[in-house]
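# A structural walkthrough
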Amino acid sequence: MKRVSFRGNLARAILVLALAVPAVAHHSSAMFDFDKSLTLKGAVKDFQWTNPHCWVQLLVADNGVTTEWSVQMQSPGNLYRAGWRPGTLKVGDSITVVVHPMRDGSLGAEWVSAIGADGNTIPSSPLK
Amino acid sequence: MNKLLRRHLALLLPVLLLGATSVHADLNSQQRLHAFAALPDWTGFWEQDSVRLGANGISKFKPLMGHPPYNAEWEAKYQAAPGPAAHVICSLGFPAIMDSPYSQFELVVLPEQTLFIPVDFSSTRQIFTDGRAHPPKEDLWPTPIGDSIGHWEGQTLVVDTISRKAGPISVRNELSDQAHFIERIRLVDKNRLEDVMTIEDPIALMRPWQVTLTYRKIKDVDRLIPYECSENDRNPIVNGHFTIAPPKPK
């Protein structure tokens, strides 16, 4: 597993300057830096299908050090509409996730998109 | 047939007849069926018109209510209130639930009442159309959704809501518990519903405030999936900012 860290390895980080997206969560999204996108490659430790947000605990290894990221997603209702199901991610799945990182530098982020080990977008049956 | 059996049958017969009668009594009367047939068909799932859901489940949303015409005192309160960063969108209540990214809802229109059931189930509205009045003052206390009664003017549902607990009507805006709401809800076309809401609040507003809310029929859902905040809220506010808490141990 490879960690691509915004703080630790700018060369490998994918930074995207984009217009702020008016993301909607159960709280303000100001905690996330929408001007920055970060690509994390890791293994799913846990997929929490819960309200008000679903979460992916992602184990990201970089140079022999493994860190655990908390990646915040939307509510089960929104994800369900977008084609997600509680079993879409399983413990141990190897995924590559694009996220907006926390502004405070902590190991948390908001989910943007992901691809699985087979190179396909997750979920495989997205929004109709 | 022996004497004992005949005696048992004699005892059972009235019970069976009573049961059969009550089955018939439970059927809808012709009067109720006619009343139902005269109502508009608002079947289906709806959401505030500006909401657009992305493939990652993130919604884009634009509030339609705008800024209330506050009097000077309440405008000053509004200006002094913390910005959206310190607010949490949970258990919205009325009228915030009508203008929210979590305003996916189902309408159940019956002769006696119309039910507005949002994904935030705690904000379900029961709008009585059976001719009742609001409860007397001594039986009324402010609640997050208030007390709603309504009547039909043709195909328009006119709703009168009072006794709403003071609190946010959107992320920042607030109204007092004296607010009085009149809504005129109608189908604009088969996929669009309109709610023209007029709000009077002698405590907070300078004048009546009219807003028009529109809803779009959504076809990518087949059920309401409950939304609430108590199950696994991992965003505590620390020093005025949202943070991410580690997962709870299993």
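Right above here is the structure, for reference.
Below is a summary of the structure that appears in this document.

## Some words on the sheet that holds strand β6 (residues 125-128) of chain B
Residues and elements named next belong to chain B. Overall, mixed pairing links the nine strands, which are arranged β1-β4-β5-β6-β7-β8-β11-β12-β13 in a closed barrel. Each neighbouring strand pair of the sheet contributes to a mean axis angle of 30°, computed without reference to strand direction. Relative to strand β13 (residues 209-218), strand β12 (residues 192-200) runs antiparallel, the two being bridged by eight bridges. From the neighbouring strand, arginine 192 faces β13, where its bridge partner is arginine 216.

## Overview of the pairing of strand β5 (residues 108-116) of chain A
Residue and element names in this part refer to chain A. Sheet topology note: the strand β3 (residues 65-72)/β5 ladder contains three bridges and is parallel. The partner of glutamine 72 across the bridge, within β5, is glutamate 110. Pairing geometry for strand β4 (residues 94-101) and β5, over seven bridges, is antiparallel. Across the sheet, residue isoleucine 95 finds its bridge partner in β5, namely glycine 116. Between β4 and β5, which pair antiparallel and follow one another directly, the connecting turn spans six residues, one of which, glycine 105, has a positive phi of 80°.

## Observations regarding the packing of aromatic side chains
The tally for this structure, following the rule as stated, stands at nine aromatic pairs over all chains. Arranged with centres 6.0 Å apart and planes meeting at 75°, the rings of phenylalanine 47 of chain A and tryptophan 49 of chain A form a pair that is edge-to-face. Its relative accessible area of 22% is what places tryptophan 49 of chain A among the partly exposed residues. On the numbers, 6.2 Å between centres and 40° between planes, the contact of tyrosine 70 of chain B with tyrosine 78 of chain B is tilted.

## Quick look at unusual backbone geometry
With an omega of -5°, the peptide bond between asparagine 51 of chain A and proline 52 of chain A qualifies as cis. In this structure, proline 52 of chain A sits in the loop between β1 (38-48) and β2 (55-62). Along the chain, phenylalanine 94 of chain B connects to proline 95 of chain B via a cis peptide bond; the corresponding omega equals 5°. Along the chain, proline 95 of chain B turns up in the loop between α3 (72-80) and β4 (105-109). Here asparagine 63 of chain A, not a glycine, exhibits a phi torsion of approximately 50°, which is positive. Mapped onto the elements, asparagine 63 of chain A comes out in the loop between β2 and β3.

## Considering the side chain of arginine 234 of chain B
Within the secondary structure, arginine 234 of chain B sits in the loop between β13 and β14 (237-238). This buried residue, arginine 234 of chain B, is left without a salt bridge; glutamate 68 of chain A holds the nearest opposite charge, at 6.4 Å. Here serine 70 of chain A takes part through its side chain, which lies 2.8 Å from a polar atom of the side chain of arginine 234 of chain B. If we ignore the near neighbours within four places in the chain, the residues touching arginine 234 of chain B are Gln48, Trp55, Gln57 and Ser70 of chain A together with Thr243, Ile244, Ala245, Pro246 and Pro247 of chain B.

Definitions and limits used
Residues numbered from 1 in each chain as written. Chains lettered and ligands numbered in written order. Predicted model: local features only at pLDDT ≥ 70, side-chain atom pairs only at ≥ 80, totals over all residues. Heavy atoms only, no water. Pairing = 2+ DSSP bridges. Helix = DSSP H or I, 4+ residues; strand = E, 2+ residues; numbered from the N terminus. Axes fitted to C-alpha atoms, helices over the stretch in contact; angles between N-to-C directions. Phe/Tyr/Trp six-rings, centres within 6.5 Å; stacked < 30°, edge-to-face > 60°. Buried < 20%, exposed > 50% of the residue type's maximum accessible area, 1.4 Å probe, protein only. Lys, Arg positive; Asp, Glu negative; His and termini not counted. Salt bridge = Lys/Arg side-chain N within 4 Å of Asp/Glu carboxyl O. Polar contact = N/O pair within 3.5 Å; in protein donor to acceptor, adjacent residues only side chain to side chain. Contact = heavy atoms within 4.5 Å.

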